[in-house]
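Each chain, letter by letter, is given below.
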Amino acid sequence: MRYADFNGIELSRLGMGNMRLPVRGITRSIDAAKARAIIDYCMESGVNYYDTALFYHHGASEPFLGKALSRHPRDSYYLADKYLFVRPDYKRVFEGQLKKLKTDRIDFYLVHSLMDVNVGAYEGNGCIDYFLEQQRQGRIGYLGFSSHASTKVLKRFLEHHQWDFCQLQLNYYDWEYGTAREQYELACDHDTPVMVMEPLRGGKLASLSSEADAVLKAVSPRASVASWGMRWLMGLDNVKVVLSGMGDLAQVKDNVETFSYAAPLDERECSALATALALYRKEVAVPCTACRYCTDDCPRKIDIPEVLSVYNQWKAHGDVDAGKLPQPGPDACISCGACTRICPQGIDIPQCMVELAQAQ
């Protein structure tokens, strides 16, 4: 496993994200046996950075991770956890997280999911001063934030004080077609190390399209498509940890191999990736990463990411594969906007639902 220096400590370049752990059936509860096997393999392979949050897996991620890691020496791994503004009692949240994680400190603590609509809440509710005090007491190691905000708001938050790190959605797709490049450069300008989330856009870059994948396979037949995204990130000097929400051992093994033996993309590979990306771009109508933030508050309990996947296939190929639509489907949407308000990608989900329902 390759490591990056962070203020004198060594962090594994690959971090384990605990938002997409293996689940059981329709209940989507964490499959503890399979998930523990993933954590154990990561530990055995030298992964030492583990990221979770209060709402991951409907609140089950933190206690699972605390129990899974408690079987390993505390100084053999680093914990990252987050505070989300929708729970105003940040003191109670933080104390609860320590208990669920079975620890007396959280090594990397984040103000969670900064967006243009919530920046004022974070700046005004007192949580930052409280977390800085917890840092002075040694209960927080390093304080940072994760962001889905506009570049303007990101700059404003970076200038609040000197943050220890920030977590950005960073991948070659968003670099080319979104704001990832300018946001990464902004973090560099503020001397703020970057932890990466969504390196494969929720798995969307683990396999592009048949035509795009063929371009990459022609250059490197045995390499996974996912490894191209990870190796692309290796070329960014200010990136310390690349978080991957690994849901099965095959993904873990592939990522561990990439971060143990592979090198950043060379010039020929970068050219091939640019060609593949242009082909894949034609397939994408909405940039959903399947983070599932939108599903909890949907009053009709629509599996929105699954519907948007069908939406993208329809836009690319012209036919609605009704057999792949979950139930309730897009026609159940009441356009309440609860999903749109929380979507990190800013997708107009109700409009997509209307279009898809009419296309069936």
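Higher on the page you've got the structure.
Remember, it's a predicted structure, so these values are computed and weren't measured experimentally.

Asker: Requested: an account of the pairing of strand β8 (residues 106-114), with residues and values cited.
Answerer: Of all nine residues in β8, nine are buried; the element is thus mostly enclosed. Relative to β8, strand β7 (residues 78-83) runs parallel, the two sharing four bridges. Bridge pairing in β8 links Ala 80 to Phe 108. Crossover connection from β7 via helix α3 (residues 90-100) to parallel β8: handedness right-handed. The sheet contact formed by β8 and strand β9 (residues 140-147) spans six bridges and is parallel.

Asker: Summarise the packing of aromatic side chains; cite the residues concerned and give the values.
Answerer: According to the stated counting rule, one finds 27 aromatic pairs in the structure shown. Centroid distance Trp 175 to Trp 232: 5.3 Å. Interplanar angle 75°. Geometry classified as edge-to-face. Placement of Trp 175 in helix α7 (residues 172-177) and of Trp 232 in helix α10 (residues 225-234) is noted, with a sequence separation of 57 residues between them. Residue Trp 232 is classed as buried on the basis of its relative accessible area of 15%. Put simply, the rings of Tyr 83, Phe 85, Tyr 90, Phe 94, Tyr 109, Tyr 122, Tyr 130 and Phe 131 touch in pairs and so form one group of aromatic residues.

Asker: Kindly report on the pattern of salt bridges, identifying the contributing residues and their values.
Answerer: The tally for this structure, following the rule as stated, stands at 16 salt bridges. A salt bridge links Arg 20 to Glu 198; the nearest nitrogen and oxygen atoms lie 3.4 Å apart. Here Arg 20 is found in the loop between β3 (14-17) and β4 (23-24), whereas its partner Glu 198 is found in the loop between β11 (194-197) and α9 (210-219), with 178 residues between them in sequence. With relative accessibility at 23%, the residue Arg 20 sits in the partly exposed group. Across the pair Arg 139 and Glu 95 runs a salt bridge, and its minimum N-O distance is 2.8 Å. Taken together, the residues span a long stretch of sequence, with Arg 139 in the loop between α5 (127-136) and β9 and Glu 95 in helix α3 at a distance of 44 residues. Overlapping salt bridges bring together Arg 74, Asp 104, Arg 105 and Asp 107 as one network.

About the thresholds
- Counting from 1, residues in each chain are numbered in the order their sequence is written.
- In keeping with the model being predicted, local features are shown solely for residues with a pLDDT of at least 70 and side-chain atom pairs are shown and tallied solely at 80 or more, while totals for entire chains, interfaces and linings include all residues.
- For the side-chain quantities, the full set of heavy atoms in the structure was used; hydrogens and water were omitted.
- Think of it in three bands: residues with accessible area under 20% of the maximum for their type are buried, residues over 50% are exposed, and the middle band is partly exposed, with areas taken using a 1.4 Å probe on protein chains only.
- Helix and strand definitions follow DSSP, with helices as H or I runs of at least four residues and strands as E runs of at least two, each counted in order from the N terminus.
- Paired strands, as defined in this entry, are two strands with at least two bridges between them according to DSSP.
- Viewed with both strands pointing away, a crossover whose connecting path from the first strand over the helix to the second turns clockwise is right-handed.
- To pair, rings of Phe, Tyr and Trp, with the six-membered ring standing in for Trp, must have centres within 6.5 Å; the planes then decide the type, stacked if under 30 degrees apart, edge-to-face if over 60, and tilted in the middle.
- Salt bridge criterion: a side-chain nitrogen from Lys or Arg within 4 Å of a carboxyl oxygen from Asp or Glu.

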